[in-house]
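Structure at a glance
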Amino acid sequence: MDHRTEIILTVLGIVLVHGLIFYWVSRKSRTNIRGKHVIVTGGSSGIGLWAAIECVRLGANVTIVARNVKLLEKAKDQLVSNKVREDQRIEYRSIDLAKSYDVVQKGLQEIEASLGPVFMLVNCAGMAICGTIEETSVEDAKLMMDVNYFATFYPTRYLLPKMKAAKEGIIVITASQAALIGLYGYGAYAASKFALRGLAETIAMEAKHCGVSVTLALPADTDTPGFERENQSKPMETKIISGSGGLAKPEDVGKRIVHDALKGSFFSVLGLESWILSTLCVGMSPWKGPVLCVLQFYLLGPLRLIGLLIQWNFQRVIRNCAKEKESKKD
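Residues numbered from 1 in each chain as written. Predicted model: local features only at pLDDT ≥ 70, side-chain atom pairs only at ≥ 80, totals over all residues. Heavy atoms only, no water.

In the annotation of an unreviewed UniProt entry, the entry for the protein reads 3-dehydrosphinganine reductase, and the organism field reads Aedes aegypti. Its UniProt record gives the protein the following Sequence similarities (unreviewed entry) comment, quoted word for word: "Belongs to the short-chain dehydrogenases/reductases (SDR) family." (UniProt positions renumbered as here; feature names shortened; annotations may be inferred.)

Counting buried positions over the 6 residues of strand β6 (residues 212-217) gives 6, a clear majority of the element. Burial of β6 is two-sided: the residues V212, V214 and L216 facing one way and the residues S213, T215 and A217 facing the other way are all buried. With helix α6 (residues 187-207) bridging strand β5 (residues 169-174) and its parallel neighbour β6, the resulting β-α-β unit is right-handed. In this structure, β6 lies alongside strand β7 (residues 267-268), joined through 2 bridges in parallel fashion. Note that in β7 the partner of L216 across the bridge is F267. (Buried < 20%, exposed > 50% of the residue type's maximum accessible area, 1.4 Å probe, protein only. Helix = DSSP H or I, 4+ residues; strand = E, 2+ residues; numbered from the N terminus. Right-handed = clockwise from strand over helix to strand, strands pointing away. Pairing = 2+ DSSP bridges.)

Grouped together as the largest cluster of nonpolar side chains are 49 residues, with contacts concentrated most on I39, L159, I173, V214, L216 and L218. Only α4 (101-115), α5 (138-166), β5, α6, β6, α10 (272-280) and α11 (290-329) provide two or more residues apiece to this core. Tallying contributions element by element places α5 first for this core, with 8 residues. If we skip the residues at most four places from it in the chain, L218 touches A175, S176, Q177, A179, L180, F267, S268, V269, S274 and S278. (Core = buried A, V, L, I, M, F, W, Y, C linked by side-chain atoms within 4.5 Å. Contact = heavy atoms within 4.5 Å.)

Another point: the packing of helix α8 (residues 236-243) against α11. In the contact formed by α8 and α11, the axes pass within 9 Å of each other and the chain directions differ by 150°. Viewed along their axes, α8 and α11 adopt a mutual orientation that is roughly antiparallel. For α8 against α11, the interelement crossing comes out right-handed. Contacts between α8 and α11 involve M236, E237, I240 and I241 from the former and F314, V317, I318, C321, E324 and K325 from the latter. Of the residues that constitute the contact of α8 with α11, the class distribution is 7 nonpolar, no polar and 3 charged. (Axes fitted to C-alpha atoms, helices over the stretch in contact; angles between N-to-C directions. Parallel < 35°, antiparallel > 145°, perpendicular 65-115°, else oblique. Left-handed = near helix turned anticlockwise from the far one by under 90°. Nonpolar A, V, L, I, M, F, W, Y, C, P; charged D, E, K, R; others polar.)

Okay, a nonpolar patch on the surface next. On the surface, V294, F297 and Y298 cluster together to form a nonpolar patch covering roughly 380 Å² of accessible area. For Y298, the position within the fold is in helix α11. (Patch = residues over 30% accessible without salt bridge, like charges linked within 9 Å, V, L, I, M, F, W, Y side chains within 5 Å. Areas by Shrake-Rupley, 256 points an atom, 1.4 Å probe, with all protein chains shown as cover. Salt bridge = Lys/Arg side-chain N within 4 Å of Asp/Glu carboxyl O.)

For the rest of this paragraph, the subject is α5. Relative to the 42 Å expected for 29 residues at 1.5 Å per residue, α5 spans 41 Å between its end C-alpha atoms, a close match to the ideal helical length. Along α5, the largest kink reaches about 40° and is centred on F150. Just downstream of α5 lies K167, where phi reads positive at about 65°. (Expected span 1.5 Å × (residues − 1). Bend = angle between axes of the 7 residues up to and from the residue.)

Attention now goes to the pattern of salt bridges. For the structure on display, the rule yields 10 salt bridges. For R85, the salt bridge identified is with D87, shortest N-O distance 2.6 Å. Assessed through its relative accessible area of 13%, R85 is described here as buried. Judged by its relative accessible area of 54%, D87 is exposed. Between K162 and E112 there is a salt bridge, with its nearest N and O atoms 3.9 Å apart. With a gap of 50 residues between them, K162 in helix α5 and E112 in helix α4 connect regions that are remote in the sequence. Through salt bridges that share partners, R89, E91 and R93 make up one connected network.

Turning our attention to unusual backbone geometry. Phi at K167 takes a positive value of approximately 65°, unusual for a residue other than glycine. Checked against the element boundaries, K167 lands in the loop between α5 and β5. Judged by relative accessible area, which is 55%, K167 ranks as exposed.

To continue, consider the pairing of strand β3 (residues 90-94). Sheet analysis places strand β2 (residues 61-66) next to β3, joined by 5 bridges and oriented parallel. Counterpart to I64 in the pairing with β3 is Y92. Note on the crossover from β2 through helix α3 (residues 69-80) to β3: the handedness is right-handed.

What follows is the structure, encoded as structure tokens:
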């Protein structure tokens, strides 16, 4: 058997296993959120908006949170058009989630007073500014930590003890594939997303016995307004490396996140590439059943080899870009 045949068989085996896992996961029972209160941060556009739309379609009462009032009003109209119950309530609140814990606490208290206790929190607020470490300003690095980490930590910190006391609840933390692997040009951004993975794994350990589940969403590049802004600051190397994975639709990502959370999955990924990466980087993530654990045990070795090949390709791209920059100087 030649080397090419071995690679083809390995890839086909991974695809088959991925299909079996998808079939098994899709059969798991789903939590019913009909009539329950869901808050979606970053819900005025992109993945957050589509996650909110899916929650509305499932019959939940939904509050979307963001800063831009005009975008919130437009998003609310979309949510209302997807209502499935006459008495279904859709609201929005303009809150600067990254400003301070006190601001977030006050805003969420007002939301609770209007729509009642929160059963599910979907954290989708976030942003990206690309650049190598030396090109990233201290101000931008701090901004990304504020928006990506603290804008998730503050609402989670406020609602988690309430969910634990109620013995039920779901928390979604939307990170990125950059929460699993550091990539050229994503240094400060990846640091903020790695922090979210640590937060998610900690909550999973602290709150499971109280009936609260946590899902860490790991979307790849997604066609959102934020992605368009992100591309403006991407180095050439980053565009080549990240562009190889294609561009997901926000409606597909938002829907998958909601359904994975309702099934109690710790990781929420979309597509074969994302599944391979999450399996390769599974580490000490929470136990999610014997089938997945056995598959991870047998696949980690082969996937490690694939991961090394991917890393080699990334370094090849970086070297080629460096040579091109040098040639332009000459």
